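Here is how the chains run, residue by residue.
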Amino acid sequence: MGIARVHRQGPLAAWWCGCGRWMPSIAADSRMRALARRVSRVIQRSRTVPAGGCVRRAGKRESVSISWMANGQARASTSESGRTSFRLLLMLLLLSTVGAPAGADQSPERGDRALLVGIDRYDDVGITDLRGAARDARNVRRLLIEHLGFDSSEILMLTDGGATRDGIVSGIRDWLVAGTQPGARAVLYFSGHGYFQSDEDNDEPDGYDEALVPHDARLISYETRPMQVANLILDDEIHTLLDGLHDRVVHVIVDSCHAGTMTRSLAPPAADPRYVRTIGLGGADAQRALTGSRAPFTRSVAVARQRDAGFVEAKGNVTVWTAVSPLQLALEDRESREPQGVFTSRFVQGIAEGLADRDGDGRVVNAELLDYVRAESEAYCSRHVRDCEAGLTPSLVGRRDLLITEVLTGASVAGTRERASGATAAGTLGHGNAAGVRLDIRPSQRVRVGEPVTYRVRSERSGHLLLVDAAADGTVTQLFPNRFSERAGQGAAIGAGRIVEIPNAYYGFRLVASPPLGRGNVFAIVTEDAIDLDDLLVPNRDLHPVANARDWLLALGGRLREPLLEESGTRQPRWSAARVEYEIVQ
């Protein structure tokens, strides 16, 4: 939608304007997607970008932009440059299929590399063997080749006996660091046991170094606190190795215990050890290992020690995926015909089968994949409570704009200012709708200039309501809560089955549809948990465009997805989203 005016009695008045634009999206098969993205960026840079909006104040009237993002559906371009660009892209796609073998890397000069580690078999009989870790690594290899533009020659596999301490360390140093060029993608994947040791250099807030457990790890002592294990690969060592990739795009994916002081040895007593990836220890030994004393294990002790930077520090160029969050245990999937990790199987399926593609645009961004693997992990836990008493909450850590970039490719869904706001809103505020949130626009989703506009929101569950408008001209407005609703005594709460109408008769203002003409989206967010958003919402209650809208949306989307750390365990926040597209016509 374009602009809607807010009429009220009072001295303050403002309105702004702008115009939207459209960028065609072209679907290609998995081998051509990388090329399509590169050519699309060339086309996008060749187009003329209209100037941003304008702000005007006058008299005693306040007019507010209510803008909504484009829905991403392709429409024919009528400009000559648009037709030429489309023909160029189509020609390049056709030419690229001639003589190109299936799965061939489209940019071998970039020198992407991946090191994939999967360990089922351990030398030490005291360390429990796994069943699906090596298969996890093979499944990730297939994903990289078939869907993410890697060539088989760019992937090094280390499984079981090949995944020794020396093998993994040299793989990072010689294969990933020495074998890549600046700007290349470097992927480190590990599936196996995780553990920890006492911190020797006092750089860990919780007093412990996290570690990967290679094939040749050796249990030395059961009596020390924590137990002494030889040949571990400590987080400090990996941090140092990854520093050599400071000018690469680094992705670390760990399907083991969380990057905190939690050990897989603390398996729930009722759990089937065939499906819980433990290190093979339990009872008092495990309690002493975790707490550092002979005192009984308590969740509050563990929670305090989970507030750590993690196994791998996420920097500007480093993205870190972990299978579970604090106090949780990585699991093997008892529902699968072939043993594999619960997290890795969902991670791969979400991309390869498009199951995480929530908006159906043919690409999977990190926010979509994170939401998908969390929802799937939570559903798995609900079916296998004995294995999963503390839940499963996969985590993603990285730079701020990570939520709106494609998984492992790093391609952003945002381009121009208009597209940046719309795509960012869709990527960060798009989510599941377990609360059954329903958003209606009155009189209809197609509104004529000059018509009053009302929003009606209903939720099947109680919570707190947030209404956000993403404009076609790139502006973003927080519609609710606002200063008018607060002045009328209505907070942000929404009761189960109750309808919240914005504006209502007590607010003292109304919304009227105004130019520019076009389409956009409004997002209704209902948070069931008490998520602290005041620092983001309070400054934007005046129905003015949000300053630095893209950064605000990224901060909001990240805050909504931060795992909740509780004494009973870690879980994902409960929130739901509904999105409605509208259009303003003359």
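Here the residue numbers are simple positions, counted from 1 along each chain's written sequence. Whole-chain, interface and lining totals are the exception, using all residues; otherwise, since this is a predicted model, local features are given only for residues with pLDDT of at least 70 and side-chain atom pairs are given and counted only at 80 or more. Side-chain metrics rest on all non-hydrogen atoms present in the structure, leaving aside hydrogens and water.

## Quick notes on the overall build of the protein chain
What counts is decided by this rule: A run of H or I in DSSP counts as a helix once it spans at least four residues, and a run of E counts as a strand once it spans at least two, with each numbered from the N terminus. Under the scheme applied here, a residue whose accessible area is under 20% of the maximum for its type counts as buried, over 50% as exposed, and between as partly exposed, the area being computed with a 1.4 Å probe on protein chains only. Here a residue-residue contact requires only that any non-hydrogen atoms of the pair lie within 4.5 Å.
Scanning the protein chain from terminus to terminus reveals 13 helices and 26 strands. Relative to its 586 residues, the protein chain shows a buried fraction of 55%. Nonlocal contacts in the protein chain, meaning residues at least 24 apart in sequence, comprise 78% of its contacts between residues at least 6 apart.

## A word on unusual backbone geometry
Omega for the peptide link from Arg 442 to Pro 443 comes to 10°, which places this bond in the cis form. Position of Pro 443 relative to the elements: it lies in the loop between β15 (438-442) and β16 (446-448). In the segment running from Phe 480 into Pro 481, the intervening peptide bond is cis, with an omega of 0°. Residue position: Pro 481 is located in the loop between β19 (476-480) and α11 (483-487). Despite not being glycine, Leu 408 has its phi angle at roughly 65°, a positive value.

## With respect to the state of the cysteines
Where we set the bar: The criterion for a disulfide is a pair of cysteine sulfur atoms lying within 2.5 Å.
A complete count under the given rule lists one disulfide for this structure. Each sulfur in the disulfide pair Cys 381 and Cys 388 lies 1.7 Å from the other. Per residue, the accessibility class of Cys 381 equals that of Cys 388, and both read buried.

## Points about the side chain of Thr 180
By the element assignment, Thr 180 lies in the loop between α4 (165-177) and β6 (185-191). In this structure Thr 180 touches Gly 111, Asp 112, Arg 113, Trp 175, Arg 185, Leu 245 and Arg 248, once residues within four positions along its chain are discounted.

## Points about the packing of α4 against helix α5 (residues 235-242)
Think of two packed helices as two axes; the pair is described by the angle between the axes and how far apart they sit. What counts, and what does not: Under this scheme, a helix contributes an axis fitted over its contacting stretch, all axes are lines through C-alpha atoms, and angles between N-to-C directions fall in the 0 to 180 degree range. Roughly parallel here means an angle under 35 degrees, roughly antiparallel means over 145, roughly perpendicular means 65 to 115, and every remaining angle is called oblique. Handedness of a crossing is defined here by the sense of rotation of the near helix relative to the far one, left-handed for an anticlockwise turn of less than a right angle and right-handed for a clockwise turn. Note on residue categories: nonpolar means Ala, Val, Leu, Ile, Met, Phe, Trp, Tyr, Cys or Pro, charged means Asp, Glu, Lys or Arg, and polar means any other residue, Gly included.
Here α4 crosses α5 at 20°, and the two axes come no closer than 10 Å. On the basis of their axis angle, the class for α4 and α5 is roughly parallel. As for the relative orientation of α4 and α5, their crossing is right-handed in sense. On α5, the residues touching Arg 165, Val 169, Ile 172, Arg 173 and Val 177 of α4 are Glu 237, Leu 241 and Leu 242. Looking at the contact of α4 with α5 residue by residue, the classes come out as five nonpolar, no polar and three charged.

## Concerning the side chain of Arg 561
In plain terms, the rule: Here a polar contact means two N or O atoms within 3.5 Å. Within protein one must be a hydrogen donor candidate and the other an acceptor candidate, and residues neighboring in sequence count only if both atoms are side-chain atoms.
Within the secondary structure, Arg 561 sits in the loop between α13 (549-560) and β24 (564-566). Judged by relative accessible area, Arg 561 falls into the buried class, the value being 4%. At a separation of 2.7 Å, a polar atom in the side chain of Arg 561 contacts the main-chain carbonyl oxygen of Thr 428. A distance of 3.2 Å separates the side chain of Arg 561 from the backbone oxygen of Gly 557, its partner in a polar contact. Apart from residues lying up to four places away in sequence, Arg 561 is in contact with Ala 367, Leu 370, Asp 371, Arg 374, Leu 403, Gly 427, Thr 428, Gly 430, His 431, Pro 573 and Trp 575.

## As for α4
An α-helix turns once per 3.6 residues; consequently, residues spaced three or four apart project the same way. To be explicit about the condition: Helix span is expected to be 1.5 Å times the residue number reduced by one. Fitting axes to the seven residues that end at a residue and to the seven that start at it, the angle between those axes gives the bend at that residue.
Look at α4: 17 Å from first C-alpha to last across 13 residues, which is about the 18 Å you get at 1.5 Å a residue. Along its length, α4 shows its largest kink, about 30°, at Gly 171. The elements touched by buried residues of α4 are β4 (113-118), β5 (155-159), β6, β11 (233-234) and α5.

## Topic: the pattern of salt bridges
Just so we agree on the cut-off: Just to be clear on terms, a salt bridge is a Lys or Arg side-chain nitrogen sitting within 4 Å of an Asp or Glu carboxyl oxygen.
Taken as a whole and judged by the stated rule, the model has 25 salt bridges. A salt bridge links Arg 185 to Asp 112, with the nearest nitrogen and oxygen atoms 2.9 Å apart. With Arg 185 in strand β6 and Asp 112 in the loop between α2 (80-96) and β4, the pair connects residues that are 73 residues apart, well separated along the chain. Judged by its relative accessible area of 4%, Arg 185 falls in the buried class. A salt bridge links Asp 401 to Arg 399; its shortest N-O distance comes to 2.5 Å.

## Here's the deal with the sheet that holds β4
To keep it simple, the criterion reads: Two strands form a pair only when DSSP identifies at least two bridges running between them.
One open sheet holds the six strands; their spatial order is β5-β4-β6-β12-β13-β14, and the pairing between them is mixed. Whereas interior strands pair on both sides, the edge strands pair on one side only; in this sheet they are β5 and β14 (395-397). Direction aside, neighbouring strands of the sheet carry axes that sit 10° apart on average. Where strand β13 (residues 318-322) and β14 come together, three bridges link them in antiparallel fashion. Its bridge partner lying in β14, Trp 321 is registered against Leu 396. Of the strands in this sheet, β4, β5 and β6 touch α4, which is tilted by about 170° from β4.

## Focus on helix α9 (residues 366-383)
The end-to-end C-alpha distance of α9 is 26 Å, a good match for the 26 Å that 18 residues give at a rise of 1.5 Å each. Among the residues of α9, those classed as buried are Asn 366, Ala 367, Glu 368, Leu 369, Leu 370, Asp 371, Tyr 372, Val 373, Arg 374, Ser 377, Tyr 380 and Cys 381.

## Quick look at the nonpolar core
Using the following cut-off: Residues belong to one nonpolar core when they are buried, are Ala, Val, Leu, Ile, Met, Phe, Trp, Tyr or Cys, and are joined through side-chain atoms within 4.5 Å.
Leu 116, Leu 144, Ile 253, Trp 321, Phe 347, Leu 369 and Leu 392 are the most contacted members of the largest nonpolar core, which totals 36 residues. Elements represented by at least two residues in this core include exactly β4, α3 (133-147), β6, α8 (342-352) and α9. With six residues, the single largest contributor to this core is α9. Excluding residues that lie within four positions of it along the chain, Phe 347 makes contacts with Leu 143, Ile 253, Trp 321, Leu 369, Val 373 and Val 407. Core analysis: the next-biggest nonpolar cluster, separate from the first, contains 35 residues, Ala 186, Phe 190, Ala 217 and Leu 241 among them.

## What about the packing of aromatic side chains?
Spelled out, the test is: Classification of ring pairs uses Phe, Tyr and Trp, with its six-membered ring standing for Trp, and accepts pairs whose centres are within 6.5 Å; under 30 degrees between planes counts as stacked, over 60 as edge-to-face, and the remaining range as tilted.
Considering all chains together, one arrives at four aromatic pairs under this definition. Between Phe 343 and Phe 347, the aromatic rings sit 5.6 Å apart at their centres with planes inclined by 45°, giving tilted as the arrangement. On the criterion of helical spacing, the pair formed by Phe 343 and Phe 347 is a turn pair, its members being four residues apart in helix α8. Their ring planes at 15° and their centres at 5.9 Å tell us that Tyr 507 and Phe 509 sit as a pair that is stacked. The pair Tyr 507 / Phe 509 is uniform in exposure class, with both members buried.

## Focus on the packing of α3 against α8
Viewed as axis vectors pointing N to C, α3 and α8 meet at an angle of 15°, and their least axial separation amounts to 10 Å. Relative to α8, α3 is oriented roughly parallel. Relative to α8, the crossing made by α3 is left-handed. Between α3 and α8, the contacting residues are Asp 136, Asn 139, Val 140, Leu 143 and His 147 on the first element and Thr 344, Phe 347, Val 348, Ile 351 and Ala 352 on the second.

## Notes on the confidence of the model for the protein chain
Note the following rule: In predicted models, pLDDT denotes the confidence assigned by the predictor to each residue on a 0 to 100 scale.
Looking at the protein chain, the pLDDT average stands at 75 and 66% of residues meet or exceed 70. Low pLDDT (under 50) marks residues 259-269, which in the prediction has 52 contacts with non-local residues, meaning those over four places away or in another chain. Here residues 280-299 is a poorly scored stretch, pLDDT under 50, and it has 48 contacts once near neighbours within four places are set aside; other chains count.

## With respect to the environment of Gly 489
Tracing the chain through its elements places Gly 489 in the loop between α11 and β20 (493-494). The class of Gly 489 is exposed, set by a relative accessible area of 65%. Through-space distance from the C-alpha of Gly 489 to that of Tyr 507 is 9.3 Å; in sequence the pair is 18 residues apart.

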